[in-house]
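# Chains, contacts and geometry: an overview
Now for the letters of each chain:
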Amino acid sequence: MDQKYGSQRYTKITTHVLQEMKLRGEKIAMLTAYDFSMAGILEAAGIDIILVGDSASNVMAGHSTTLPITLNEMIYHAASVVRAVHRSLVVVDLPFGTYQGNSKEALASAIRIMKESGANAIKIEGGAEIIESVDRILSAGIPVMGHLGLTPQSIHKFGTYVVRATDDAEAHKLVEDAQKLDQAGCFAIVLEKIPSSLGTEVTQMVRCPTIGIGAGGGVDGQVLVLHDMLGITHKFSPRFLRRYHNLYEEIKGSVTNYIADVKSFDFPNDREQY
Ligand code: KIV
């Protein structure tokens, strides 16, 4: 449906639009954002989905895992993103510890995110073990994105960030989980760090779009962490990551120049003062 923002007409990306994109074979582009300024740039560039990922725990807060970030912190990031966005679909991660207890707790967390941030949907990690929560959240009218394969909130169970579902048993469970999430009514499923053949198999099997991160080219869309693809983070180099910039070096260079200009009395010059 066409909408208007100022003098601009645009089609709001809804879960329905994403389903149509899958049906006509149009790839879906998703990136993370955690703040107003970056989200505004992503929206202006025409991104389909903005994920307020719990990777904010790593790239914004400096934690070594996604586990410490709180629901209040996720809501703060999500509300900042929503203020910049009109067209893209905004999806927010349910953080660790806010849905695993029981499905009522999961629903209460999802409702807080939707009410207090104005986002369009939530994302939740896991398969069969969280399906009751998925059902309950969906029955409240909140769109749910699933997340299978490498699920970073379970890092202490896995013990490592290596590729998941390389053996038959885990691959079989992943396929079953994807079918359960799809049948429950998830509008999309993220597939993280799995063999590309498995990504393709799941994509062909489920009705909803799949969004891959290290899941090959046979999925319906791709997602990357913004700070990784822009090269702001520079020590993280998995095979699936394509870097579009080296902002770490560029920003460092600009800051170095600024420091030199201040120290050498070059900044501010006559035109840069009142
Ligand atoms: O938190 C996040 O950024 C994610 C993506 C890696 C899919 O879940």
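In the block above lies the structure referred to throughout.
Residues numbered from 1 in each chain as written. Predicted model: local features only at pLDDT ≥ 70, side-chain atom pairs only at ≥ 80, totals over all residues. Heavy atoms only, no water.

## What about the overall build of the protein chain?
Heads up, the rule is: Counting from the N terminus, the helices are the DSSP runs of H or I reaching at least four residues and the strands are the DSSP runs of E reaching at least two. Throughout, radius of gyration means the C-alpha value; the globule benchmark is 2.2 Å times the number of residues raised to the power 0.38. When accessible area is computed with a 1.4 Å probe and restricted to protein chains, residues below 20% of their type maximum are described as buried, those above 50% as exposed, and intermediate ones as partly exposed. Any two residues whose heavy atoms approach within 4.5 Å at even a single point are treated as in contact.
Scanning the protein chain from N- to C-terminus turns up eleven helices and ten strands. Relative to the globule expectation of 19 Å for 274 residues, the C-alpha radius of gyration of the protein chain, 20 Å, shows essentially globular dimensions. Along the three orthogonal principal directions, the C-alpha set of the protein chain runs to about 65 × 45 × 35 Å. Counting every position in the protein chain, which comprises 274 residues, the buried fraction comes to 49%. Across the protein chain, contacts joining residues at least 24 apart in sequence account for 57% of those joining residues at least 6 apart.

## Focus on the environment of Glu 125
How we decide: In the analysis that follows, any N or O atom pair within 3.5 Å is treated as a polar contact, provided that within protein one partner can donate a hydrogen and the other can accept it, and provided that, for residues neighboring in sequence, both atoms belong to side chains.
Tracing the backbone through its elements, the reader meets Glu 125 in the loop between β6 (121-123) and α6 (131-139). Taking the C-alpha atoms as reference points, Glu 125 and Cys 186, 61 residues apart in sequence, are found 12 Å from one another. Setting aside anything within four residues of it in sequence, one finds Glu 125 in contact with Asp 54, Tyr 99, Ile 130, His 147, Thr 151, Pro 152, Gln 153 and Ser 154. In this structure the side chain of Glu 125 is engaged in a polar contact, spanning 3.0 Å, whose partner is the backbone nitrogen of Gln 153.

## Re the site of the ligand
Our working rule: The cutoff for a nearby residue is simple: one of its non-hydrogen atoms must lie within 4 Å of the molecule or strand. Methods summary: accessible areas were calculated by the Shrake-Rupley approach with a probe of 1.4 Å, and residue burial reflects only the protein chains presented. Method remark: on a 1 Å grid restricted to protein atoms, a set of points is classed as a cavity if a 1.4 Å probe fits but cannot get out and as a pocket if it is open with protein on both sides within 12 Å along at least five of seven lines; lining residues have an atom within 4 Å of a point. Grid points define the cavity or pocket, and a molecule sits in it when more than half of its atoms lie within 2 Å of them. When residues are grouped by polarity, Ala, Val, Leu, Ile, Met, Phe, Trp, Tyr, Cys and Pro land in nonpolar, Asp, Glu, Lys and Arg in charged, and all others, Gly among them, in polar.
Around the ligand, a shell composed of Thr 32, Leu 51, Gly 53, Asp 54, Ser 55, Asp 93, Lys 123, His 147, Glu 192, Ile 213 and Val 225 is seen. Here an oxygen atom of the ligand and a side-chain polar atom of Asp 54 are 3.0 Å apart. A distance of 2.9 Å is found between an oxygen atom of the ligand and a side-chain nitrogen or oxygen belonging to Lys 123. Protein chains shield 95% of the accessible area of the ligand, which is 260 Å² for the free molecule. In this structure the site holding the ligand corresponds to the largest pocket. Tallied by class, the residues present in the shell around the ligand amount to three nonpolar, four polar and four charged.

## Quick word on the sheet that holds strand β8 (residues 188-192)
Counted only if it meets this: Strands were regarded as paired on the criterion that DSSP finds at least two bridges between them. Helix axes are fitted only over the stretch in contact, all axes being lines through C-alpha atoms; the angle between N-to-C directions runs from 0 to 180 degrees.
Strand order in the closed barrel formed by eight strands is β3-β4-β5-β6-β7-β8-β9-β10, and the pairing between neighbours is parallel. Across this sheet, the average inter-strand angle for adjacent strands is 25 degrees, counted without regard to direction. Taken together, the three bridges between strand β5 (residues 89-93) and β6 define a ladder with parallel strand orientation. Residue Val 91 lies in a different strand from β6, and its bridge partner there is Ala 121.

## Digging into a nonpolar patch on the surface
What counts here: Patches here are clusters of residues that have more than 30% relative accessible area and form no salt bridge, with a 9 Å joining cutoff for like charges and a 5 Å cutoff for nonpolar side chains (Val, Leu, Ile, Met, Phe, Trp, Tyr). Only one rule defines a salt bridge in this text: a Lys or Arg side-chain nitrogen within 4 Å of an Asp or Glu carboxyl oxygen.
The grouping of Ile 251, Val 255, Tyr 258, Ile 259, Val 262 and Phe 267 at the surface amounts to a nonpolar patch, some 520 Å² of accessible area in total. With respect to the helices and strands, the residue Val 255 is situated in helix α11 (residues 247-263). The class for Val 255 is partly exposed, based on a relative accessible area of 41%.

## Here we look at unusual backbone geometry
If a residue is not glycine, its phi is most likely negative; likewise, a peptide bond is most likely trans. Here the bond from Phe 267 into Pro 268 is cis, since omega is -5 degrees, no more than 30 degrees from zero. Positionally, Pro 268 belongs in the segment after α11. Even without being glycine, Ala 165 reaches a positive phi, approximately 55 degrees. Along the chain, Ala 165 falls in the loop between α7 (155-158) and α8 (168-184). With a phi close to 65 degrees, Phe 265 is a non-glycine residue in the positive phi region. Positionally, Phe 265 belongs in the segment after α11. On the accessibility criterion, Phe 265 (76% relative accessible area) is exposed.

## Some details on the nonpolar core
Where a protein is soluble and globular, its nonpolar side chains tend to be buried together. Put simply, the rule reads: To define a nonpolar core, start from buried Ala, Val, Leu, Ile, Met, Phe, Trp, Tyr and Cys residues and group those joined through side-chain atoms within 4.5 Å.
Counting 60 residues, the largest nonpolar core has Ile 122, Ile 124, Ile 137 and Leu 191 as its most contacted members. Top element by residues in this core is helix α4 (residues 71-82). It accounts for six residues. With near-sequence residues (within four places) excluded, Leu 191 lies in contact with Leu 148, Leu 174, Gly 199, Val 202, Thr 210, Ile 211, Gly 212, Ile 213, Ala 215 and Val 219. Of all hydrophobic cores here, the second largest spans 18 residues; its members include Ile 13, Val 17, Ile 49 and Leu 51.

## Digging into the pattern of salt bridges
Side chains that differ in sign of charge can pair as their charged atoms come close. Counted according to the given criterion, the structure contains eight salt bridges. Ionic pairing is found between Lys 22 and Asp 220, a salt bridge with its closest N-O pair at 2.8 Å. Within this pair, whereas Lys 22 is found in helix α1 (residues 15-23), its partner Asp 220 is found in the loop between β9 (210-213) and β10 (221-224), the two being separated by 198 residues in sequence. The residues Lys 22 and Asp 220 share a single accessibility class, namely buried. Each of Glu 129, Lys 173 and Asp 177 takes part in a single network of salt bridges with overlapping partners.

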